[in-house]
Amino acid sequence: HYGSTFKCLWQICVVRLMDGGGHCSGRVEVLHRGQWGTVCDDDWDMRDAAVVCRELGCGEAVDVLGSSHFGPGSGPIWMDDVDCTGSESTLKNCTSAGWGKHDCNQTKNAGVICSGVRLVGGPRCSGRVEVLHGKIWATVCIEDFDQQDAEVVCREMGCGLPVEVLGAAAFGRGEGQVWTEELQCRGNESQIHLCPKSSTLKHDCSHDNDVGLVCADMVRLANGSRPCTGRVEILHQGQWRTVCDKGWDMRDAAVVCRELGCGEAVDAVGKAHFGPGSGPIWMNEVACSGSESMLKNCGSIGRVSDCHHAGVICSGVRLVGGPRCSGRVEVLHGKTWTTVCDADFDQKDAEVVCRELGCGPPVEVLGAAAFRRGEGQVWTEKLQCRGNESDILSCPTSSAVKHDCSHDSDVGLVCAGSVRLVDGGSRCAGRVEVLHRGQWGTVCGVGISTIAAVVVCRELGCGELLSINAGYIPGSGPIWMSHVDCSGTESTVKHCGSLGWGEHSCLHYYDAELFCSGMFKSVLTHGPHLCSGRVEVLHGNTLATVCDANFDQQDAEVVCRELGCGRPMKLLGAAAFGRGEGQVWTEELQCRGNESEVSLCPTSSVKQNCSHYNDVGLICSVLCFTGHTAVRLLNGWDSCSGRVELLYLSDWGSVCGASWDMKAASVLCGQLKCGSAVALLAADWFGEGSGRTWADIFDCHGNETHLSECPISSWSRAACSHKQAAGVICSGELFHSLRLSGGRECEGQVEVYFIQDWRRVLLDSWSVSEASVVCRQLGCGSVLNFSSSSPSSPDQHSHMCVRGFNCSGSEAHLGNCSTANLLNLSCSSMEQLSITCSGKCYINLKTAHSSIRLVGSGGDCAGRLEVFLSGSWGTVCDDSWDIEDAQVVCRQLQCGVALSAHVPAWFGPGTGPIWLNEVQCEGNETSLWNCRYQSGGKHDCRHKEDVGVVCSGGKLCLQLLLFLALVLLSGLVYQNRVLRRGREHSHIIYGFRHFTPLIC
């Protein structure tokens, strides 16, 4: 056998390629529990192959093969339904049906062909030639490389025919070894290692002579009107093959355009838009993330026999150096991007460029390298567009340029955006609409992800996402997008995945609506306190003053409200708080006075000139409020503990501990959705801050929802060092991890997971209500008794005394109780709290584990895992999920043992919040809440990663009861028969008498 065992000389080998005739091709086999086994070819694709090739150090994946192409294997079939993302370091880290779980046989073994050669330093299918020799990549000398060698390299790389062989280190000097043999390929070999070689080199060679190679692309666009449009075709084993349009979207199109160097994807088309192709359909249901370097690296289902062909329209022009739909104009000439001279570009040319890029109409044409000087060539022809062309390459051109042009004259262009929010009161709020093929249409709110909404707010320069709604502002016209799903890296929502342009089953009643935080904010500067001063607008990182002629009482109402500074007291003109610097705001606010922030106010362009002598000033109410715009907790053990910091303008600063109390801390915890305040701590717990220290004294009542609602009784300029910075611990996630220690499942000393360890709770002001909540949270029925016990070790940081709980007794967990006003780490009481609950085994099990459930299977013991937190059901992300976590779920639900460790979205994706992430159970816990986890909705997961669990069967106690009932019934029937025969068998009854104590 030929296998890739050479890779295992210095490390444990867990994957190998067998019977492929070389090191880097063959049947895939994996080592599990000391035995080699095969992999089933179900769903086997290029992403899976890429992981195998990378793990073996075998270059790029060239091909994936199934149906036991390299012969059938033997032994167990270890993996089936493999689903790699492509970034894993080993195949064993990829998702699969589970070790040894399959519906396969040895005639369906998966295979891989990796390349023993690579091209380095150039774009796809071009670069410096390097050959794999053992485990080392070696460059090749130009004198030892000819056209036949080039044909084999291009073929092995899955590229087209050789275009050019280049010497003199055209793609840079390599490093390490130079190949010591001369290749003598005939030109028809499939891989470089099959070529004959000669070791009798007649010359010395250095890296100055490294050979480079340019092959033709492996993807092409056929039957289009210009080079960057057409039917997508992919080269495989020397034959051009088509791609099915099922599931084809803008993310797939973006990969094709990038691979071909064709600018942005403008449209993803199907239904054989560019005519039907010929030959086999090679890829079906392509699923690119959008970041792949080539189409072959995207996931797909494989070949189909009948399907419409996918097409792509890429732009032959691009805008560089600006935000979306603006920048320096560059035109694709051959394979080179060239800038355009401002003297050769007019309004009609601009209309065509904006149309081709899917943007709105031109707003402004800018000369003199407004978006910086470009590089490389300047376009040598004059565009003569009529303005109605669909793309720039369809415009007539004239080569009779009458002037010389340098990059100092590169033209720039600003087009209107292709995404907008309308009918919401400002440009940063309203119904989402996208421009496609010259027509505005809506986006269906069904299936739209939060990340997609974030992309829209960022694209519009509207700050952060505040909320997503649907149905309040129905639109008209086409519904262009549905089930929009973004990765978060897209520059426009139009590049995100969806069902396809115009593909939906939606009504305008469900049109998506977004509310973003706004692209600008108001601030008051150079006043005696935060609530008075010169009015300035913060736009990005730039502050601009406001003209007194463009600012009235209604505008002032909104500014004071946005800053949390009460009501306006006085408007002052003529630079009353000093003359500002920099820009003067170029728009006039037209607030109605009831808006919550200035970004929601209508604006209009200013008609008069205004200087800093006319800067407007404002004094808000004397009993003023804090003007910070954000809060955070730093250096804590989770997101709900740490040093308090406030943001004012663009400066984060810590808060002076002398100005901070439990009422203010409780408001902060509520604002951060972290429950209530548990403790105030000094800076030695969470480290000293840096930068500013805010000394304002908060006079919160404790019932405010936001710190900006709390008045400040004075504005203190007293010195406060970073050693006096305030720290807070909120209850947020503190009491979600709870257990009873002492050896019995529902009896023992109360412990909570806190400061990265389990801590025992001391008895202090504890009642039966709080004890009832503990039993309920643990799924242990009702409280039977609670008492004190002696501590095991009096250590300052291993015990804590929690006072001030105010539970009604009906809460699902301690974090839902109304207050936990004090966490005293040096509590005078040293009596530890012990609780005895009634236990977990009941005929009615609903309340015992009502905080988790399995849904979607029709039964109680299999389905998508959902947990109940903060008054609603949500799902669990599969990050770090394993069999130990599943065992705990099955145990808590009394559903036997776990049969599966990880079944992502097998029972369908959930809805609502994703409550838990990074669950880490040891496997012996009685409740999922006893495990470590991240909660509070903080994650980077999607519902397609929702955890599913399959347990072995029904509730244990119910099984026991049914079993015993059947035994009793059988015994009674038997006893009745015996009595009829006049015999007595009292020993049977005696046996039942001694059997019944087994009933739970």
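Residue numbering note: each chain is counted from 1, following its sequence as written. Given that the model is predicted, a residue must reach a pLDDT of at least 70 before its local features are reported, and side-chain atom pairs must reach 80 or more before they are shown or counted; all residues, however, enter totals for whole chains, interfaces and linings. Side-chain numbers come from the whole structure's heavy atoms, not from hydrogens or water.

- The name that an unreviewed UniProt entry assigns to the protein chain is SRCR domain-containing protein, with the source organism given as Electrophorus electricus.
- UniProt positions are given in the numbering used here, feature names are shortened, and annotations may be inferred rather than shown by experiment. The heading Subcellular location (unreviewed entry) in the UniProt record of the protein chain holds the text "Membrane".

1. Section: the overall build of the protein chain
1) Next: A run of H or I in DSSP counts as a helix once it spans at least four residues, and a run of E counts as a strand once it spans at least two, with each numbered from the N terminus. The number of helices and strands found in the protein chain is 12 helices and 59 strands.
2) Next: Using a 1.4 Å probe on the protein chains alone, a residue whose accessible area is under 20% of its type maximum counts as buried, one over 50% counts as exposed, and one in between counts as partly exposed. Per-residue burial over the protein chain gives 52% buried out of 1000 residues.
3) Next: Only heavy atoms matter for contacts: two residues are in contact if any of them lie within 4.5 Å across the pair. Residue pairs at least 24 apart in sequence account for 70% of intrachain contacts in the protein chain once pairs closer than 6 positions are excluded.
4) Next: When the accessible surface of the protein chain is summed, it comes to about 44200 Å², and 50% of that surface belongs to carbon and sulfur atoms. Shrake-Rupley sampling with a 1.4 Å probe provides the accessible areas, and residues are treated as covered by the protein chains on show and by no other component.

2. Examining the pattern of salt bridges
1) Next: The working definition used for a salt bridge is a side-chain nitrogen of Lys or Arg within 4 Å of a carboxyl oxygen of Asp or Glu. Within the structure shown, the criterion is met by 25 salt bridges.
2) Next: The closest approach of N and O atoms between glutamate 433 and arginine 431, which form a salt bridge, is 2.9 Å.
3) Next: Taking the relative accessible area as the measure of exposure, arginine 431 reaches 5% and is therefore buried.
4) Next: Salt bridges sharing common partners tie together Arg16, Asp19, Arg27 and Glu29.

3. Looking at the packing of aromatic side chains
1) Next: Here a Phe, Tyr or Trp ring, Trp counted by its six-membered ring, pairs with any other such ring whose centre lies within 6.5 Å, and the pair is stacked when the planes are under 30 degrees apart, edge-to-face when over 60, and tilted otherwise. By the definition in use, this model includes 3 aromatic pairs.
2) Next: Seen in terms of ring centroids, tryptophan 78 and tryptophan 99 are 6.3 Å apart; in terms of plane orientation they differ by 80°. Their pairing is edge-to-face. Residue tryptophan 78 is located in strand E5 (residues 77–79), and its partner tryptophan 99 is located in the loop between E5 and strand E6 (111–114); the two are separated by 21 residues in the primary sequence.
3) Next: For tryptophan 99, a relative accessible area of 33% gives the class partly exposed.
4) Next: Ring plane angle 85° and centroid distance 6.4 Å describe the contact between tryptophan 480 and tryptophan 501, whose orientation is recorded as edge-to-face. Taken together, the residues tryptophan 480 in strand E31 (residues 479–481) and tryptophan 501 in the loop between E31 and strand E32 (512–516) connect sequence positions 21 residues apart.
5) Next: Under the relative-accessibility criterion, tryptophan 501 is labelled buried at 16%.
6) Next: Above the plane of the ring of tryptophan 440 lies arginine 420, whose end atom (NZ or CZ) is 3.9 Å from the centre. Charges are assigned to positions over rings by a cutoff of 6 Å between ring centre and Lys NZ or Arg CZ, combined with an angular limit of 35 degrees from the ring normal.

4. What to know about the state of the cysteines
Among covalent bonds in proteins, the disulfide is the one between the sulfur atoms of two cysteines.
1) Next: Cysteine sulfurs are considered disulfide-paired once they come within 2.5 Å of each other. For the structure on display, the rule yields 24 disulfides.
2) Next: The disulfide partner of cysteine 444 is cysteine 506, and the gap between their sulfur atoms is 2.1 Å. Looking along the S-S bond of the cysteine 444-cysteine 506 disulfide, the torsion reads about 75°, which is the right-handed sense. Placement of the pair is cysteine 444 in the loop between strand E29 (439–443) and helix H5 (450–459) and cysteine 506 in the loop between E31 and E32, with a sequence separation of 62 residues.

5. Digging into a negative patch on the surface
1) Next: What makes a patch is a set of residues exposed beyond 30% relative accessible area and free of salt bridges, joined within 9 Å when like-charged and within 5 Å when nonpolar (Val, Leu, Ile, Met, Phe, Trp, Tyr). Working convention for charge: Lys and Arg count positive, Asp and Glu count negative, and His plus the chain ends are omitted. Here the site of a charge means NZ on Lys, CZ on Arg, CG on Asp, or CD on Glu. A cluster of acidic residues, Asp43, Asp81, Asp83 and Asp103, forms a negative patch at the surface.
2) Next: One can find aspartate 43 in the loop between strand E3 (35–39) and helix H1 (46–55).

6. Concerning a nonpolar patch on the surface
1) Next: A cluster of nonpolar side chains, contributed by Val446, Leu507, Tyr509 and Tyr510, occupies part of the molecular surface with about 420 Å² of accessible area.
2) Next: With respect to the helices, strands and loops of the structure, tyrosine 509 is situated in the loop between E31 and E32.

7. A closer look at the environment of aspartate 485
1) Next: Its location among the elements puts aspartate 485 in the loop between E31 and E32.
2) Next: Residues aspartate 485 and glycine 497, 12 residues apart in the sequence, show an inter-C-alpha distance of 5.1 Å.
3) Next: Other than its neighbours up to four places away in sequence, aspartate 485 contacts Arg251, Ser449, Cys496, Gly497 and Arg942.

8. Quick look at helix H7 (residues 662–671)
Residues that lie three or four places apart on an α-helix share one face, since the helix turns once every 3.6 residues.
1) Next: Counting buried residues along H7, 7 of its 10 residues qualify, which places the element largely inside the surrounding structure.
2) Next: All of the buried residues in H7 are Ala664, Ala665, Ser666, Val667, Leu668, Cys669 and Gln671.
3) Next: Capping the start of H7 is the job of one residue whose side-chain oxygen sits 3.2 Å from the backbone nitrogen of lysine 663: aspartate 661.
4) Next: A positive backbone phi angle near 60° is found at lysine 673, which sits one or two residues after H7. Any N or O atom pair separated by 3.5 Å or less is treated as a polar contact, with the protein-specific requirement of one donor-capable and one acceptor-capable atom, and with residues adjacent in sequence counted only for side-chain atom pairs.

9. Some thoughts on the confidence of the model for the protein chain
1) Next: Of the residues in the protein chain, 79% reach a pLDDT of 70 or more, and the chain-wide mean stands at 76.
2) Next: pLDDT is a per-residue confidence score from the predictor, ranging from 0 to 100. Note that pLDDT drops below 50 for residues 841–849; the model gives that stretch 17 contacts with residues more than four away or on any other chain.
3) Next: Long-range and interchain partners of residues 981–1000, a stretch whose pLDDT sits below 50, account for 17 contacts in this model, where long-range means more than four residues apart.

10. Quick word on unusual backbone geometry
One can expect most non-glycine residues to show negative phi and most peptide bonds to be in trans.
1) Next: The phi dihedral of serine 68 falls on the positive side, at around 50°, and the residue is not glycine.
2) Next: Looking at where serine 68 falls in the secondary structure, it is placed in the loop between strand E4 (61–65) and E5.
3) Next: By relative accessible area, which is 12% here, serine 68 ends up buried.
4) Next: The phi dihedral of glutamine 894 is positive, around 55°, even though this residue is not glycine.
5) Next: Position of glutamine 894 relative to the elements: it lies in the loop between helix H10 (883–892) and strand E57 (914–920).

11. Digging into the environment of aspartate 217
1) Next: Positionally, aspartate 217 belongs in the loop between strand E13 (212–215) and strand E14 (219–222).
2) Next: As a C-alpha pair, aspartate 217 and glutamate 259 span 42 residues in sequence and 8.5 Å in three-dimensional space.
3) Next: Sequence-distant contacts of aspartate 217, that is, excluding residues within four places in its chain, are made with Arg124, Cys125, Gly160, Trp240, Leu260 and Lys335.

12. Topic: the side chain of aspartate 210
1) Next: Among the structural elements, aspartate 210 can be located in the loop between strand E12 (197–198) and E13.
2) Next: There is no salt bridge for the buried aspartate 210, and the closest opposite charge comes from arginine 128, which lies 4.5 Å off by N-O distance.
3) Next: Engagement of the side chain of aspartate 210 in a polar contact is seen with the side chain of threonine 139, the distance being 2.9 Å.

13. Overview of the environment of lysine 570
1) Next: Along the chain, lysine 570 turns up in strand E36 (residues 568–572).
2) Next: For lysine 570, a relative accessible area of 48% corresponds to the partly exposed category.
3) Next: Distance from lysine 570 to alanine 556, taken between C-alpha atoms, is 8.9 Å for residues 14 residues apart in sequence.
4) Next: Setting aside anything within four residues of it in sequence, one finds lysine 570 in contact with Gly617, Leu618 and Ile619.

14. Overview of helix H9 (residues 768–777)
1) Next: By the criterion of burial, H9 is predominantly enclosed, with 7 of the 10 residues buried.
2) Next: Among the residues making up H9, those that are buried are Glu770, Ala771, Ser772, Val773, Val774, Cys775 and Gln777.
3) Next: One or two steps after H9, the chain reaches glycine 779, where phi turns positive at roughly 65°.

15. Topic: the nonpolar core
1) Next: The nonpolar core is taken to be a set of buried Ala, Val, Leu, Ile, Met, Phe, Trp, Tyr and Cys residues, with the residues joined through side-chain atoms within 4.5 Å. Ranked by size, the top nonpolar core spans 77 residues in total, and within it Trp248 and Leu295 carry the most contacts.
2) Next: Setting aside residues no more than four positions away along its own chain, tryptophan 248 makes contact with Val232, Val243, Ala253, Val256, Ala268, Val269, Val286, Leu295, Ala310, Gly311 and Val312.

16. Observations regarding the pairing of strand E56 (residues 872–876)
1) Next: Two strands are counted as paired when DSSP detects at least two bridges linking them. Pairing analysis gives 4 bridges linking strand E55 (residues 862–869) to E56, with the strands arranged antiparallel. In the sheet register, leucine 869 faces E56, and the bridge partner there is serine 872.
2) Next: In terms of strand pairing, E56 meets E57 through 2 bridges, oriented parallel. Of the residues in E57, the one forming a bridge with threonine 875 is isoleucine 914.

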